[in-house]
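Listed below, chain by chain, are the residues.
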Amino acid sequence: PLPQPFSKLQIAVWEGCYTAYSVQGQGNIWDAGNLPDGTVALGARCAIGFNSVINYGTGSTSAHAIWANSFWQALTFGRNDPITNKPDGKPTNVTFAVNYATDQIGLTDPGNKGGYGSCRIAGDATTTVPSIK
């Protein structure tokens, strides 16, 4: 069995291009697998990465800032209430937080999710913040 150096890690987010991409048998760097699967194999409860290029940019209105801020907000404080535009106080699990964050990018640029639709979740996708001890 593999050593478990990430056994206390609840959620790892590898927000970068191709961080969840792997192609076995091609004789290239991707043969080693992807970061989310590797992180979970080493003991993390849940890990997230992306299978394609994701848009970066600069500033608080860039795709990566919108995705990251929306993901962590939904996971810890809930999604924005459509009336108050403030978090609803109902933290979500990883799956809902990923979907919410990806949808937020689509709101700023309809029809374009900046590559964030290629998100891959490894491990327990129902992980929530209250489960972190």
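Treat the numbers as computed from the prediction; the structure is a model and nothing was measured.

### Things to note about the pattern of salt bridges
Next, step 1: A full pass over the atoms with the stated rule returns three salt bridges.
Next, step 2: Where Arg 120 meets Asp 37, a salt bridge forms, and the shortest distance between an N and an O atom there is 2.7 Å. Of this pair, Arg 120 sits in strand E3 (residues 119-123) while Asp 37 sits in helix H1 (residues 35-41); the two residues are 83 residues apart in sequence, bridging distant segments of the chain.
Next, step 3: For Asp 37, a relative accessible area of 32% translates into the label partly exposed.
Next, step 4: Residues Asp 124 and Arg 45 are paired through a salt bridge, measuring 3.1 Å at the closest nitrogen-oxygen approach. Here Arg 45 lies in the loop between H1 and strand E2 (46-50) and Asp 124 lies in the segment after E3, a separation of 79 residues in the sequence.
Next, step 5: For Asp 124, a relative accessible area of 25% gives the class partly exposed.

### Examining the state of the cysteines
Next, step 1: The final tally for this structure, using the stated rule, is zero disulfides.
Next, step 2: Among the cysteines around Cys 119, which has no disulfide bond, Cys 46 carries the closest sulfur, lying 8.9 Å off.

### Remarks on the sheet that holds E2
Next, step 1: The sheet built from three strands is open, its strands ordered E1-E2-E3 with mixed pairing. This sheet does not close on itself; its edge strands, each paired only once, are strand E1 (11-13) and E3. Between one strand axis and the next, the sheet turns by 15 degrees as a mean value, whatever way the strands run.
Next, step 2: Sheet analysis places E2 next to E3, joined by five bridges and oriented antiparallel.

### Some remarks on the packing of helix H2 (residues 63-76) against helix H3 (residues 94-108)
Next, step 1: The N-to-C vectors of H2 and H3 enclose an angle of 145 degrees; their axes lie 8 Å apart at closest approach. Considering how the two elements wind past one another, H2 and H3 form a crossing that is right-handed. Touching Ala 63, Ile 66, Trp 67, Ser 70, Phe 71, Gln 73, Ala 74 and Leu 75 of H2 are Val 94, Ala 97, Val 98, Tyr 100, Ala 101, Thr 102, Gln 104, Ile 105 and Thr 108, all from H3.
Next, step 2: The class makeup of the residues in the contact of H2 with H3 is twelve nonpolar, five polar and no charged.

### With respect to the packing of aromatic side chains
Next, step 1: Using the criterion set out here, one finds six aromatic pairs in the structure.
Next, step 2: For the pair Phe 71 and Trp 72, a centre-to-centre distance of 4.9 Å together with 80 degrees between the ring planes defines the contact as edge-to-face.
Next, step 3: The class of Phe 71 is buried, set by a relative accessible area of 0%.
Next, step 4: Residue Trp 72 is classed as partly exposed on the basis of its relative accessible area, which comes to 38%.
Next, step 5: Members of the aromatic cluster, each reached through a chain of ring pairs, are Phe 50, Trp 67, Phe 71, Trp 72 and Tyr 116.

About the criteria used
Residues numbered from 1 in each chain as written. Predicted model: local features only at pLDDT ≥ 70, side-chain atom pairs only at ≥ 80, totals over all residues. Heavy atoms only, no water. Salt bridge = Lys/Arg side-chain N within 4 Å of Asp/Glu carboxyl O. Helix = DSSP H or I, 4+ residues; strand = E, 2+ residues; numbered from the N terminus. Buried < 20%, exposed > 50% of the residue type's maximum accessible area, 1.4 Å probe, protein only. Disulfide = S-S within 2.5 Å. Pairing = 2+ DSSP bridges. Axes fitted to C-alpha atoms, helices over the stretch in contact; angles between N-to-C directions. Left-handed = near helix turned anticlockwise from the far one by under 90°. Contact = heavy atoms within 4.5 Å. Nonpolar A, V, L, I, M, F, W, Y, C, P; charged D, E, K, R; others polar. Phe/Tyr/Trp six-rings, centres within 6.5 Å; stacked < 30°, edge-to-face > 60°.

Everything listed here is a matter of coordinates, which is why it stays silent on function.
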